[in-house]
Amino acid sequence: MDYVNGPGRNHLFVPGPVNIPDQVIRAMSRNNEDYRSPAIPALTKTLLEDVKQIFKTTSGTPFLFPTTGTGAWESALTNTLSPGDRIVSFLIGQFSLLWIDQQQRLNFNVDVVESEWGQGANLDTLASKLAEDRAHTIKAICIVHNETATGVTNNLATVRKILNQYNHPALLLVDGVSSICALDFRMDEWGVDVALTGSQKALSLPTGIGIVCASPKAIEASKSAKSVRVFFDWKDYLKFYKMGTYWPYTPSIQLLYGLRAALDLLFEEGLDNVIARHNRLATATRLAVDAWGLKNCTQKEEWHSDTVTAVVVPGYIDSSEIVRRAWKRYNLSLGLGLNKVAGKVFRIGHLGNLNELQLLGCLGGVEMVLKDVGYPVKLGSGVAAAAAYLQNTTPLIPSRI
Ligand SMILES: Cc1ncc(COP(=O)(O)O)c(C=O)c1O
């Protein structure tokens, strides 16, 4: 049974997995190949070189693991740290919570810095912890750049500034799963030691590649880190990089060709244009939310996410019902509220391969569902606010100028 089918297209507005461009689907529609033939190493070489651009790094070393974001987390932690190492980690929503759970299960000693869901990481606490830590017992700072559960973006430039202010050598490990390729991300400039993402988010591929990028300092740390690792060991990859064969085990051939096509599309549009497009679609979404008289879960403008908006519903509405009805009635897929905000928010994912008119379709659908569940929305109000903004700001499509 095909659960996604209905007339027309499914409007996929969960914050990952996201819409896959037709060009990428076509690039992946191919047979298996011998990954030991010269073709796959040649392809991999271009991918490893080009993928650095999405992290804005020239000095980083990328790894393409056959995994998801969760595996990429594990790779970042186990390659750079030893059991018992002290970490400072920020809990601001479901994904930072899950990463912290992994850190604890891997036997690191985690200082959890918790904020109310809807707020960003508490960087004053970071500053006071670093100020007190003259003996440099803190080995790493772990932070989720964009908390997908609440639509909160943390300011990484400030994190780096605080680390520099205290001249603290802790590694900076960053989850960029719902930010990289969509939000401004500057690995080298912000001194990020390990950055990571998953293929099903802004790269607009199927799930299945966890991309991890390590700074020279992280690579150095990996030489003495004592955490047990096998599948995710950078050492094995580096050995195969040197040999020019690249893969210690079997990669997904189809995903590699898909990644090639996805990167080509991103570069054709221009990464800065891609980031500007995400800001445009996010701003339009926020204007619609205001026009509906609803609140953004994100409590301050400085934390507003350009990849996902979590919309708070009035207490008499169960947000899960909005998500259920949107899918059943309008073929619109919205994100559920997770954990602490379950039933209280629904999420509009506006990341990846997406354009202005697709977003207007989603906003129109949300309005109809809001009315369905008894919220007194004026049909067209959010769409009008978003369209007015988009009509003023949408540039010509870069490849058509
Ligand atoms: C910010 C963030 N980090 C990590 C993950 C986990 O990634 P995955 O589900 O690919 O393992 C997600 C998933 O949505 C995420 O949004």
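The model shown is predicted, which means the values in this text are computed figures rather than measured ones.

### What about the pattern of salt bridges?
And step 1. Applying the stated rule across the entire model yields 22 salt bridges.
And step 2. We note a salt bridge from Asp133 to Arg86, for which the minimum N-O separation is 3.9 Å. Here Asp133 is found in the loop between helix H5 (123-132) and strand S5 (138-144), whereas its partner Arg86 is found in strand S3 (residues 86-91), with 47 residues between them in sequence.
And step 3. Counted as one network, the salt bridges with shared partners bring together Lys56, Asp184, Arg186, Glu189 and Asp272.

### Things to note about the layout of surface pockets
And step 1. Size it by volume and the largest pocket reaches roughly 1300 Å³.
And step 2. In terms of lining, the largest pocket is formed by 43 residues, of which the most central are Arg277, Asn353, Leu354, Asn355 and Gln358.
And step 3. For the lining of the largest pocket, the elements supplying multiple residues, two or more each, are strand S1 (11-13), helix H1 (22-28), helix H9 (253-269), helix H10 (271-291) and helix H12 (356-372).
And step 4. Looking at the lining of the largest pocket, the element that brings in the most residues is H10, giving six residues.

### Concerning the state of the cysteines
And step 1. As enumerated under the stated definition, the model contains zero disulfides in all.
And step 2. This cysteine, Cys181, is not joined by any disulfide, and Cys213 carries the nearest cysteine sulfur, 12 Å off.
And step 3. Judged by its relative accessible area of 2%, Cys181 falls in the buried class.
And step 4. Unpaired in this structure, Cys297 has its nearest cysteine sulfur neighbour in Cys362, at a distance of 17 Å.
And step 5. Given a relative accessible area of 8%, Cys297 falls into the buried group.

### A few points about the domain arrangement of the protein
And step 1. When the domains of the protein are assigned, the result is domain 1 (11-18 + 270-400) and domain 2 (23-267).
And step 2. The C-alpha centroid of domain 2 is placed 27 Å from the C-alpha centroid of domain 1.
And step 3. On the domain 2 side, the residues contacting the 29 residues of domain 1 number 31 residues.
And step 4. For the pair domain 1 and domain 2, the summed buried surface comes to about 2400 Å²; carbon and sulfur atoms form 58% of the total.
And step 5. For the domain 1 face of the interface with domain 2, the top three residues by lost area are Leu271, Gln299 and Trp303, together amounting to 23%.
And step 6. Applying the counting rule to domain 1 against domain 2 returns two salt bridges.
And step 7. A salt bridge links Glu114 to Lys340, with the shortest nitrogen-to-oxygen separation between them at 3.5 Å.
And step 8. Those elements that place two or more of their residues in the side of domain 1 that touches domain 2 are H10 and strand S12 (308-312).
And step 9. For the side of domain 1 that touches domain 2, the element with the highest residue contribution is H10, accounting for five residues.
And step 10. When grouped by side-chain class, the residues that make up the side of domain 1 that touches domain 2 number 13 nonpolar, eleven polar and five charged.

### Concerning the site of the ligand
And step 1. What surrounds the ligand is a group of 13 residues, the closest being Thr68, Thr70, Thr148, Asp175 and Lys201.
And step 2. Thr70 has a polar side-chain atom sitting 2.5 Å from an oxygen atom of the ligand.
And step 3. At a separation of 2.8 Å, an oxygen atom of the ligand approaches a polar side-chain atom of Gln200.
And step 4. Relative to its unbound accessible area of 380 Å², the ligand is 86% covered by the protein chains.
And step 5. Here the shell around the ligand gets three residues from one element, more than from any other, and that element is helix H3 (residues 69-80).
And step 6. Tallied by class, residues from the shell around the ligand come to four nonpolar, seven polar and two charged.

The rules we used
Residues numbered from 1 in each chain as written. Predicted model: local features only at pLDDT ≥ 70, side-chain atom pairs only at ≥ 80, totals over all residues. Heavy atoms only, no water. Salt bridge = Lys/Arg side-chain N within 4 Å of Asp/Glu carboxyl O. Helix = DSSP H or I, 4+ residues; strand = E, 2+ residues; numbered from the N terminus. 1 Å grid on protein atoms, 1.4 Å probe; cavity = no way out; pocket = protein on both sides within 12 Å on 5 of 7 lines; lining within 4 Å. Points joined across faces, edges and corners; volume = space filled by probe spheres on them. Disulfide = S-S within 2.5 Å. Buried < 20%, exposed > 50% of the residue type's maximum accessible area, 1.4 Å probe, protein only. Domains from an automatic or database assignment. Contact = heavy atoms within 4.5 Å. Buried area = accessible area lost by both parts, 1.4 Å probe. Nonpolar A, V, L, I, M, F, W, Y, C, P; charged D, E, K, R; others polar. Near = heavy atom within 4 Å. Polar contact = N/O pair within 3.5 Å; in protein donor to acceptor, adjacent residues only side chain to side chain. Areas by Shrake-Rupley, 256 points an atom, 1.4 Å probe, with all protein chains shown as cover.

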